[in-house]
Amino acid sequence: MRIMLTAKMCTTKFNAAVRDGSAGMKIKQVMEEIEPEAAYFTEFGGSRTAVLIVDMPDASKIPALAEPFFLLFDAAVEFRPVMVPADLEKSGIEKIGKQWA
């Protein structure tokens, strides 16, 4: 299943990594481990935030995806299932719509 992982970094912890020069290396290490389909870095609610699209074949992968952000950056991590247009097409939404109309 395709999941959007959002990791809001703790400013204090991330600032310390920026100051000691380890922030880039830590982010690179996480990206190499997680291997996201897509990765974006932005501000969200005033916090440095990573937004990743990742494959989660089953719930047992949650710790492998979340723990690097928890442990390295004291991040708040959220998961949301997402679809690409082909997934929506495959969903049978038209049939569901007729069933519940």
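Up top is the structure.
Residues numbered from 1 in each chain as written. Predicted model: local features only at pLDDT ≥ 70, side-chain atom pairs only at ≥ 80, totals over all residues. Heavy atoms only, no water.

Some points on the side chain of Thr49
Quick reminder of the rule: Put simply, DSSP marks the helices as runs of H or I at least four residues long and the strands as runs of E at least two long, and each gets a number from the N terminus on. Counting of polar contacts relies on pairs of N or O atoms within 3.5 Å, with two restrictions inside protein: one atom must be capable of donating a hydrogen and the other of accepting it, and residues adjacent in sequence are counted only when both atoms are side-chain atoms. Contacts between residues were defined by any pair of non-hydrogen atoms, one from each residue, lying within 4.5 Å.
Here Thr49 is to be found in strand S3 (residues 47-55). For Thr49, the side chain forms a polar contact with the main-chain oxygen of Ser47, separated by 2.9 Å. Each residue touching Thr49, except ones within four places of it in the same chain, is listed here: Thr6, Ala7, Lys8, Tyr40, Phe41, Thr42, Glu43 and Phe44.

Details of the pattern of salt bridges
Inclusion rule: By convention in these notes, a salt bridge is any Lys or Arg side-chain nitrogen within 4 Å of a carboxyl oxygen on Asp or Glu. Here's how the labels work: a residue is buried when its accessible area is under 20% of the maximum for its type, exposed when over 50%, partly exposed in between, all with a 1.4 Å probe on protein chains only.
Scanning the entire structure with this criterion turns up three salt bridges. The closest approach of N and O atoms between Glu32 and Lys28, which form a salt bridge, is 3.8 Å. With Glu32 and Lys28 both in helix H2 (residues 23-34) and four residues apart, this pair spans about one turn of that helix. Across this residue pair, the class does not change: Glu32 and Lys28 are exposed. Members of the salt-bridge network, linked through shared partners, are Arg2, Glu37 and Asp87.

Here's the deal with a nonpolar patch on the surface
Short version of the rule: Residues enter patches when their relative accessible area tops 30% and they take part in no salt bridge; the joining distance is 9 Å for like charges and 5 Å for the nonpolar side chains Val, Leu, Ile, Met, Phe, Trp and Tyr. Each accessible area value is a Shrake-Rupley result obtained with a 1.4 Å probe; residue values ignore everything except the protein chains displayed when judging cover.
A contiguous nonpolar surface patch, about 290 Å² in accessible area, is contributed by Met83, Leu88 and Ile93. Tracing the backbone through its elements, the reader meets Leu88 in helix H4 (residues 85-90).

Some points on the sheet that holds strand S2 (residues 38-44)
Rules: Following DSSP output, two strands are said to pair if at least two bridges run between them. Note on method: axes are straight lines fitted to C-alpha atoms, helices fitted across the in-contact stretch only, with angles between N-to-C directions ranging 0 to 180 degrees.
One open sheet accounts for four strands, arranged S2-S3-S1-S4; its pairing is antiparallel. Edge positions in the open sheet fall to S2 and strand S4 (76-81), since each of these has one partner strand only. Each adjacent strand pair in this sheet contributes to an overall mean axis angle of 20°, direction not counted. Pairing between strand S1 (residues 2-8) and S3: seven bridges, direction antiparallel. Note that in S3 the partner of Ala7 across the bridge is Ala50.

Section: the packing of aromatic side chains
The condition is simple: Side-chain rings of Phe, Tyr and Trp (the six-membered ring for Trp) are treated as a pair once their centres are within 6.5 Å; stacked means planes under 30 degrees apart, edge-to-face means over 60, and tilted covers the remaining angles.
Taken as a whole and judged by the stated rule, the model has one aromatic pair. Taken together, a centroid distance of 5.0 Å and an interplanar angle of 35° make the contact between Phe14 and Phe73 tilted. One end of the pair, Phe14, is in helix H1 (residues 11-20); the other, Phe73, is in helix H3 (residues 62-73), with 59 residues separating them in the sequence. Accessibility expressed as a relative area gives 11% for Phe14, which makes it buried.

Function cannot be read off these values alone, since they describe shape.
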